[in-house]
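Residues per chain are reported as follows:
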Amino acid sequence: MTKKISAGKKINKNLVNVVNILNNGEYHDGNAMGLQLNMTRSAIWKYIKKLVAYGVAIDSIKGKGYALSEPLILLDAKKIKKKIASPLLIDVFESIGSTNEYLKSIKTTKLPLVCLAEQQTQGKARLNRKWFSPFAKNIYFSCRYPFKKEVSELAGLSLVVGLAVFKTIQFFGIKDSLFLKWPNDLYYDSKKLAGILLEIIAESHDGLSHAIIGIGLNVNTMEDVNHQITQPWTSLQKILKKSVDRNEIVAELLKNILNHLNQFEQEGFSPFMQEWMKSDCLMNKWISLKTLTEKLVGTVRGINEQGQLLLEMANGRTYAFSAGDVTIMK
Ligand code: BTN
């Protein structure tokens, strides 16, 4: 049975305008906001209700109006594009099933195409897990990128993307305790900060291999209200102790990703290998590796030129693996 893709809703300009007015932290009267935005008071109320339904905390006091309980900066494609030299298409959704599924479902010649969402209702993680995607808190990013390469030549791509995310996080001031975990997770102090879901369309309509690069980065989430996350996690705000404008991060992330993809396309994975190993948290660790068919234990001996994990097993021999879920053993 094919899974139904839930259609996306592009970000509503009126909703953005309402948030921009509220964003100075003061109370705003519905009538005055309506006059300012050329909308009725009840239209303003409709957008306030929508924000509340998305989980945004809004105070309302009779006679004073509405105020945001904490600052809220929505994603803004124009703001992001201004910081990037190469022309790019960026679609921003208010809510969508999954940004990866959306980019997989479209046929377009205008690539690379980037999709961002304020909320995902069916956010996907590796190994059929779900990705917690609350409204306007974090980055849910996907990029569809065409490669003039065979699928077999894309080995190592997910590690190259992981390095781009790693550099982006470092740029915002996080240097210590940040690690890459094979194949492409990012951990801070043993807590998950970001994950990557790479999907490949082998021969797309233009005959090229397209990569759908999905990145989830925890930015301003402070609590997991309904205990939806099943592993230790953290966010940039938790680490930096201040909220971060996601537009700034997406711009930096895009610069790093596009640079890395360009270099990967020309030179393959080998130029990234040493850099990746410098930040690898698994080197010489005793781990268990769960693949689709088996569970193995061994000691990690780094990665090879294809980005495969090298695992030394009990028989003293070292084997290379392309996929799997790693758990560090005590
Ligand atoms: C993982 O850690 O297993 C990967 C998580 C990837 C989550 C991102 S969020 C944007 C993109 N859309 C999805 O549905 N998933 C990826």
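The structure displayed is predicted, hence computed values, not measured ones.

Caption draft 1: Up close: the sheet that holds strand 11 (residues 286-290). An order of 14-13-12-11-15 is seen for the five strands of this open sheet, with the pairing classed as antiparallel. Strands at the two margins of the open sheet, each flanked by one partner only, are strand 14 (318-321) and strand 15 (325-328). On average, each strand axis in the sheet is tilted by 45° relative to the strand beside it, whichever way the strands run.

Caption draft 2: Molecular detail of the packing of helix 6 (residues 157-171) against helix 9 (residues 270-278). Between helix 6 and helix 9, the shortest axis-to-axis distance is 10 Å and the interhelical angle comes to 55°. In terms of orientation, helix 6 and helix 9 fall into the oblique class. Every pair of crossing elements has a handedness; the one defined by helix 6 and helix 9 is left-handed. Residues Leu159, Val160, Leu163 and Lys167 of helix 6 form the contact with helix 9, whose own contacting residues are Phe272, Glu275 and Trp276. Here the contact of helix 6 with helix 9 is composed, by residue class, of five nonpolar, no polar and two charged.

Caption draft 3: Quick look at the pattern of salt bridges. The tally for this structure, following the rule as stated, stands at 15 salt bridges. When the shortest N-O distance is used, the salt bridge between Glu94 and Lys50 registers 2.9 Å. Within this pair, whereas Glu94 is found in strand 4 (residues 89-95), its partner Lys50 is found in helix 3 (residues 41-53), the two being separated by 44 residues in sequence. Shared partners join several salt bridges into a network, and the residues in it are Glu101, Lys104, Lys124 and Glu199.

Conventions we followed
Residues numbered from 1 in each chain as written. Predicted model: local features only at pLDDT ≥ 70, side-chain atom pairs only at ≥ 80, totals over all residues. Heavy atoms only, no water. Pairing = 2+ DSSP bridges. Helix = DSSP H or I, 4+ residues; strand = E, 2+ residues; numbered from the N terminus. Axes fitted to C-alpha atoms, helices over the stretch in contact; angles between N-to-C directions. Parallel < 35°, antiparallel > 145°, perpendicular 65-115°, else oblique. Left-handed = near helix turned anticlockwise from the far one by under 90°. Contact = heavy atoms within 4.5 Å. Nonpolar A, V, L, I, M, F, W, Y, C, P; charged D, E, K, R; others polar. Salt bridge = Lys/Arg side-chain N within 4 Å of Asp/Glu carboxyl O.

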